[in-house]
Every structure is written in C-alpha cells, then in structure tokens.
Amino acid sequence: MSGPDPLTTAALPEHEVKALLREAGVPVPRGATAASAGQVAAAAEGLTPPLVLKAFGAGLVHKSDSGAVRLALGGPAEAAEAAAGMLEGLLAQGITPDGFLVEEQAAPGVELIVGAVRDPGFGPVLLAGLGGVWTEALRDTAVCLCPVSETDVRRMLASLRGARLLHGYRGRPAVDLDALVKLLLTLGGAGGLWERLELGEFELNPVIATGQGVVAVDARHIPDEPRAEPPAAPAAGTDFTALFEPRAVAVVGASTSRPNFGNMFLEFYRATGVPLVAVHPEADEIDGVPAVPVLADADADYALVAVPAARCAEVVRQAGGIPFVQVMSGGFGEAGAPELEAELVRAAREAGTRLLGPNCMGVYSPRGGQTFIGGEPGPPGHVALISQSGGLAGEVVKVGERRGLAFSRVATVGNSADVTPAELLRWLATDEHTSAVGMYLEDPRDGRALFEALMSVRGRLPVVLLVGGRSAQGRRAAASHTGGMVGDGRVWQALAGQTGATLVTSQDDLIGALSFFQSHTGRLGAVPADGEDGDGDSAVLVIGPSGGASVLAADVFDAAGLSLDALPEEARTGLRALGIGVGSSLANPLEIPVGPRGRPELVREAIAAIVARRPYPDVVAHVNVQSFFTYGSSAEPLYACARNLAQAQQDLPAVRITLVTRNGECAPPGVEDGVRAIAAGAGIPVYRSMEAAAVAVAAAKRFTRGA
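Named according to an unreviewed UniProt entry, the chain is Acyl-CoA synthetase (NDP forming) originating from Streptosporangium brasiliense.

The structure is reproduced here in structure tokens:
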C-alpha cells in the first residue's frame, strides 16, 4: 500500500483515509461520497438508516465546529435535505466543500481516540484514550513510541482513568478488548500503518468500541511536511575507550598572562598525572606544561578546546590523528548560532575526529585520569553518567561520591552535535567497567535513536533518566487533538515504560537509584516466585520502629507502585517466638522495637524468620536515628544495628536489603558516615527518607521486570 503524496500537507479527505483503514483491516462504516448536495440522495441509496452526513474539503479539519456533520438521518431524502442546509451554512462561513460523505451510523458504545503523530524529538508516537467529547474535557490518554507491542497496548489501555468503561460499568457491557488491541497494533505495531504513511498526524476520533468489536467512525490524516535529510554521521561502532582513558591530553586555549578555563584544566590534569600538552601559537610552556604551536602537532587521544566559538572550527580542523575533541566553548546552537555549530561538525568530519559538545565540560573517569572537576578523583567504580549539563554532572559526581558512588565513565555532551547520548549508551552496554548508567537529558538530539538504544539494553543494563524541560518537549502547533496531547512530558514517561528505564524527577533520586543499582548489582535478577498474597517481584517488606512512620511508609510505597504483601501465618508464629507482636496483630510494615535499649540483633532475626517462610525480593529496614541520641549517649547501639543488618544481607544473598536512617541529621558529625560505611561493606544502600528508598526500590523492580 502506498502512502499519500509527501509533498502535500493538506488533510486527506476522510473517505480516502477510511479506504486506507479498510485495506489494513480496520472496520469503518459503510458509506459513499457525493460531489454535490444534489447527488447525496443517490449516494445514500442502499445504506441502512440511521445515516451520518459529513462535508469534506479545505477548511474542514474540525468538521463539528463548522456545522459540517449531521447525525441520525432517516434515509436518502432526509440526507439530501441536510446536505442542502449544510452547504448553505458552510458557504456563509466562506467554506466551499469538495463533496459530501454519507455513511451508516455506528451503534453506540465507548468512544475512544486513537492516533499517531510524528513527535519532533522521538518520531512516531501512538496515542489512545477516551474520545469524542471527552477528548478535550478529560484528556484521559496514554502514549507509547512506535512500534508498540501487545503488552504496550494493554498497558496503555489499563492506565486510562476511564479503563473501567472498557470492562463494563454500571450495567453496561464490556467492549471487545481484543478487537481494540488489534486496531492499535494495526496502527502502531511492527509493520503497522505508521511505517507506511508519510506520518504527520493520523487520528481516529471517535473509535466506537462495543462487545461486538470496534469501528472507526471518523478519520483524519495530515501527511508530514518534507524534512531535510540530516548530515551523514560517522559509521557506527566507535570505540570510546580512548575518550575515557587517553594516552595523553591536549588543552587548547590556556593563556600565558590571563588565567582562564584552559589554565584551570591544565591544573586539573596535572593533578591526575595524565601526560599533558598545551597548544599555544607562541609559548614553549604554560604553567609548567610543554606547549606546541598548533593542535596538529599534539600527540594525544583527547583534545580540550576552550577558545571563542568563532575560532573553534578552525582549531578542530587541525585535529587529524586525535580520536576525540571536546569543545567546551558555548555560543553555538544553544545561543542562536546554528551555523557555527554546523561548521564545527563539518570541521570534525574533515579532520576524522569525533566531537564531544560543544558547550560541555568534558569527561571524568578516575580509572583513566580524565577529569573536569578539581580535587582528588574518587575511587574507580562501575556507575556511568551521561549528562547534557556539565554543572549538574559535577554535582552528581561530587555528591554521589560523598554518598558512596564510584564512577566508571562520566561524559558531558552539551549540545550533542556529533557524539550523542544514544551512541554513548550503546557503547557503555559493552563496557566491562560499567554496570549502571544515569542520564541527564534536555534535548536528546535524536530521540528515536535513544529509544532504540534503551530498547537494546533493556534487561541488561540499568538506566536511570533525569530529564529537564519535560513540559516543553515536543510542543508544536497541531491541527489534531493527537498532536496537541502527545507533545508533552508523557513521551518521556512512555519511553521509560517501554524500555524498563527509570524516570526520576530530581538529582537526589538519580543518585539514590544509582546507589541501589551499585549496591545490589549481583542481586538484580534474584526475584523469588510470587507468593500467595501478592505479585512477587513488586513485593516489599518494611520493618522498623514507630507505628506512625510505618503507616506513612505504607502510603509512600503504595504510591511508588510497590506491594507490602501481608505476612503469612507461619511467619507470624516465628515472630511471636522472638517475642515480637505477642498479644497484638502482626502486619507489613512490621513494627519492632529498634532503639538504643533494644536488642540490635532483633531486626536480623525478624527478617530471617519472615523470609524463611515467605520470599520478599526487597526488605527495607528503617531506624529513627534521633531516638538513639535522645534516649542514649553513644553511637554504638546504632552501629550494632547496622552490623546486624549487614550480617542479614550476607546470610540472605537473594534478598535486597535497604536501610533508611530517618532523622539522620540528629546524629553527631561522622555517625551517618560510619553507618553508611558498615552498610556499604555488605552491599546495602542507605537513604535518609522512605520516599528516596521507595524510588530506588521501584527502579530495581522496573529493571527486573524488563529483564
């Protein structure tokens, strides 16, 4: 089936769109067209009333707003009369229709909107939700990136606030859900219509769903405008090892008289011990670093360029033989100068080098001596970070290392004019030193490539996404409801949902989720079978003091989509044998006496008693740090609790244990670090709040389900 002419941007006539649908196997009403109002009666012969009459032509994108739709017509004569009146009304508005479409009116049912639109960032996106008049009134819709799977479609429909209407509500029959799923797959699945059309916007509103099936009673297709082909990118498969572990580094832009960013980076690199050369047209050395006159004379794997934007392309053209060049300078596309950015990319292509940036801070890798931040590098680890913000990346590194994160590779990519987040992610999935990846993104440059990269690492590499400016992503003027409703932050939510990545809303949660993945790297696949009372991989056991804190914890974990499954009777018996809950009920969250005067081994014993009888993939233990110093004078009881929890983790390698130190600011200086060190030795992440722990645990559940 051939698509519509890609050179036109006008909406196709509805009957032509329905012909495409009919050919693809989507049910549409029986109907016929008439070139004029006088031919409507003849066109309606043979159709079974009640009938629907619609005008079509230029200026009739939203037909109901123009009075170009009439329902419940009794037969050909009434349809002809309606056409005459409709024509008169349209001419009064300055609209001359191209013709009329008369169809059999579909039986009533649940009205839905189904559509596809080409999002400017992520390409084809499928949308489904309540349709008809409810489309604008409730905006109850869900989206997924194409191609969608049957699992994606069923999850979309289940996520609607009005999902109960599909399953029968207040005496109304359930719809044929399988027929609805088939329609969505026909439009947005592999080999679906989205692949065969010049997809600008494609909307079916409403689709009427009943117990007998579905029918698309209104259809609109606006072909995409011609798009310029993007510049050819380098062949895929770049090995980025030298970017993070360079033999030597060249710095362009350091001054002999007025210290600047270039001089700052010379200082940073001297501290890491990486072989270093400066580039300066006159000096033999700068700040004790030997200098060469041009970049072409530098024997290095990595060059950092910190000169004004207008000079950057000239410098990059001299980078032949240097695998990677990072342009720190701003003043390109982000500053309204896309021509400078395009020239920079051309210069990199001519030199045969890969370009990082522009408008970025650089690379950090303790293992390879790479750095863009001052001070002693942290320990080498297995957590990677890709960030479009250099400043935020520096914060994540410093704060993350303070909380125990150890990084393998950190790359700031700025405008991502050449090297993109998607390309780096694919490489990191092959990197033996990386076991989890965090990403801070604003404009992924090629959202479709990012989607494909995330799908390629699904279930193999945990990814945590923090996105800036989600509310503005993809917004554009759109003639259809579909375009207007897809172009918001829900595209990012769909991306995460389909790929198993975790979408967080704060820097703190980004660090927290990465900490969980770092601590429990070897336990991410250890999910016990479903228990009688819950859904297995979403189950969490919460254990600690204070009934009020436990109640609040239940709310927090429920909001995160995690299940606090009830304790089995056998576990209750074991707990009572420990003196827990005697004479009272036992529940999850489980309240036990944890404090300066309690037995520090009680938490360990309680966890063992429960897990032996009912598998919980995750156990979240919490302590009230304030109580240890209000009712005690030493940190030792708190440390003893942490040591016993560490022992529990060692005894139960298939369980992921998390510690929450509530009110940690009440501890004397250094105590929290001591607790964190004890926990880290056993691979237990530590959080200050239930909210932070819930985000991290949910991230692991999401990754496990995608595995």
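After that view, the rundown keeps rolling.
1. Examining a negative patch on the surface
On the surface, a cluster of negative charge is made up of Glu267, Asp284, Glu285 and Asp287. Its place among the elements puts aspartate 284 in the loop between strand E12 (276-279) and strand E13 (285-286).

2. Regarding the sheet that holds strand E1 (residues 31-34)
As summarised here, the arrangement of the four strands in space is E1-E4-E2-E3, forming an open sheet in which the pairing is antiparallel. Only two strands of the sheet have a single partner each, and these edge strands are E1 and strand E3 (69-73). Strand after strand, the sheet turns through a mean of 20° between neighbouring axes, direction not considered. Relative to strand E4 (residues 99-104), E1 is paired through four bridges, and the arrangement is antiparallel. Bridge assignment links alanine 32 to a residue of E4, and that residue is valine 102. Seen against the sheet, helix H1 (residues 14-24) touches E1, strand E2 (51-56) and E4 and runs at an angle of roughly 45° to E4.

3. A few points about the sheet that holds strand E24 (residues 540-544)
The sheet built from five strands is open, its strands ordered E25-E24-E26-E27-E28 with parallel pairing. Pairing within the sheet leaves two strands with one partner each, and these edge strands are strand E25 (590-591) and strand E28 (686-687). Direction of pairing for strand E27 (residues 656-662) relative to E28: parallel, over a ladder of two bridges. Counterpart to valine 660 in the pairing with E28 is tyrosine 687. Helix H18 (residues 547-559) contacts E24, E25, strand E26 (618-624) and E27 of the sheet and is inclined by roughly 160° relative to E24.

4. Description of the side chain of aspartate 565
Residue position: aspartate 565 is located in the loop between H18 and helix H19 (569-577). Polar contacts involving the side chain of aspartate 565 include one to the side chain of serine 563, which spans 2.2 Å.

5. Let's talk about the side chain of lysine 54
The residue lysine 54 is located in strand E2 in this model. For lysine 54, the side chain forms a polar contact with the main-chain oxygen of valine 217, separated by 2.7 Å. Setting aside residues no more than four positions away along its own chain, lysine 54 makes contact with Glu14, Lys18, Lys63, Ala68, Val69, Met86, Gly99, Phe100, Leu101, Glu103, Val217 and Asp218.

6. A word on the packing of helix H14 (residues 447-457) against helix H16 (residues 490-499)
Axis separation between H14 and H16 bottoms out at 9 Å; the angle between their running directions is 25°. Viewed along their axes, H14 and H16 adopt a mutual orientation that is roughly parallel. Note on packing geometry: the crossing formed by H14 with H16 is right-handed. For the pair formed by H14 and H16, the contact residues are Leu450, Phe451, Leu454 and Met455 on the first element and Trp492, Leu495, Gln498 and Thr499 on the second. A class-by-class count of the residues in the contact of H14 with H16 yields six nonpolar, two polar and no charged.

7. A few points about the confidence of the model for the chain
Confidence in the prediction for the chain averages 89 pLDDT; 91% of positions are at 70 or higher. Residue range residues 1-9 is modelled with pLDDT below 50. Its contacts to residues more than four positions away, or to other chains, number 22 contacts. Predicted confidence for residues 526-535 stays below pLDDT 50, and this span has 20 contacts to residues more than four positions away or in other chains.

8. A closer look at unusual backbone geometry
A negative phi angle characterises most non-glycine residues, just as the trans form characterises most peptide bonds. A cis amide bond links cysteine 146 to the next residue, proline 147, at an omega of 5°. For arginine 445, which is not a glycine, the phi torsion comes out positive at approximately 75°. The residue arginine 445 is located in the loop between strand E21 (436-441) and H14 in this model. In the Ramachandran plot, asparagine 663 falls in the positive-phi region, its phi being about 60° despite a non-glycine side chain. Position of asparagine 663 among the secondary structure elements: in the loop between E27 and helix H23 (671-681).

9. Topic: the packing of helix H5 (residues 150-159) against helix H6 (residues 177-188)
Between H5 and H6, whose axes approach to 10 Å, the crossing angle comes to 120°. Looking at the two axes, H5 sits oblique to H6. The element H5 and its partner H6 pack so that their crossing is right-handed. Residues Glu150, Val153, Arg154 and Leu157 of H5 pack against Leu177, Asp178, Leu180, Val181, Leu184 and Leu185 of H6. Of the residues belonging to the contact of H5 with H6, the class tally is seven nonpolar, no polar and three charged.

10. Quick look at the pattern of salt bridges
One pass over the structure, following the stated rule, counts 33 salt bridges. Here glutamate 150 and arginine 154 are joined by a salt bridge, their closest N and O atoms 3.0 Å apart. Highlighted residues: glutamate 150 and arginine 154, both in helix H5, separated by four residues, approximately one helical turn. For glutamate 150, a relative accessible area of 42% corresponds to the partly exposed category. Accessibility expressed as a relative area gives 31% for arginine 154, which makes it partly exposed. Its salt-bridge partner being glutamate 350, residue arginine 317 comes within 2.9 Å of it at the nearest N-O pair. On the criterion of sequence distance, the pair formed by arginine 317 in the loop between helix H10 (309-316) and strand E16 (324-327) and glutamate 350 in helix H11 (residues 338-351) is long-range, its members being 33 residues apart.

Thresholds applied
- Residues numbered from 1 in each chain as written.
- Predicted model: local features only at pLDDT ≥ 70, side-chain atom pairs only at ≥ 80, totals over all residues.
- Heavy atoms only, no water.
- Patch = residues over 30% accessible without salt bridge, like charges linked within 9 Å, V, L, I, M, F, W, Y side chains within 5 Å.
- Areas by Shrake-Rupley, 256 points an atom, 1.4 Å probe, with all protein chains shown as cover.
- Salt bridge = Lys/Arg side-chain N within 4 Å of Asp/Glu carboxyl O.
- Lys, Arg positive; Asp, Glu negative; His and termini not counted.
- Charge placed at Lys NZ, Arg CZ, Asp CG, Glu CD.
- Helix = DSSP H or I, 4+ residues; strand = E, 2+ residues; numbered from the N terminus.
- Pairing = 2+ DSSP bridges.
- Axes fitted to C-alpha atoms, helices over the stretch in contact; angles between N-to-C directions.
- Contact = heavy atoms within 4.5 Å.
- Polar contact = N/O pair within 3.5 Å; in protein donor to acceptor, adjacent residues only side chain to side chain.
- Parallel < 35°, antiparallel > 145°, perpendicular 65-115°, else oblique.
- Left-handed = near helix turned anticlockwise from the far one by under 90°.
- Nonpolar A, V, L, I, M, F, W, Y, C, P; charged D, E, K, R; others polar.
- pLDDT = per-residue confidence, 0-100.
- Buried < 20%, exposed > 50% of the residue type's maximum accessible area, 1.4 Å probe, protein only.

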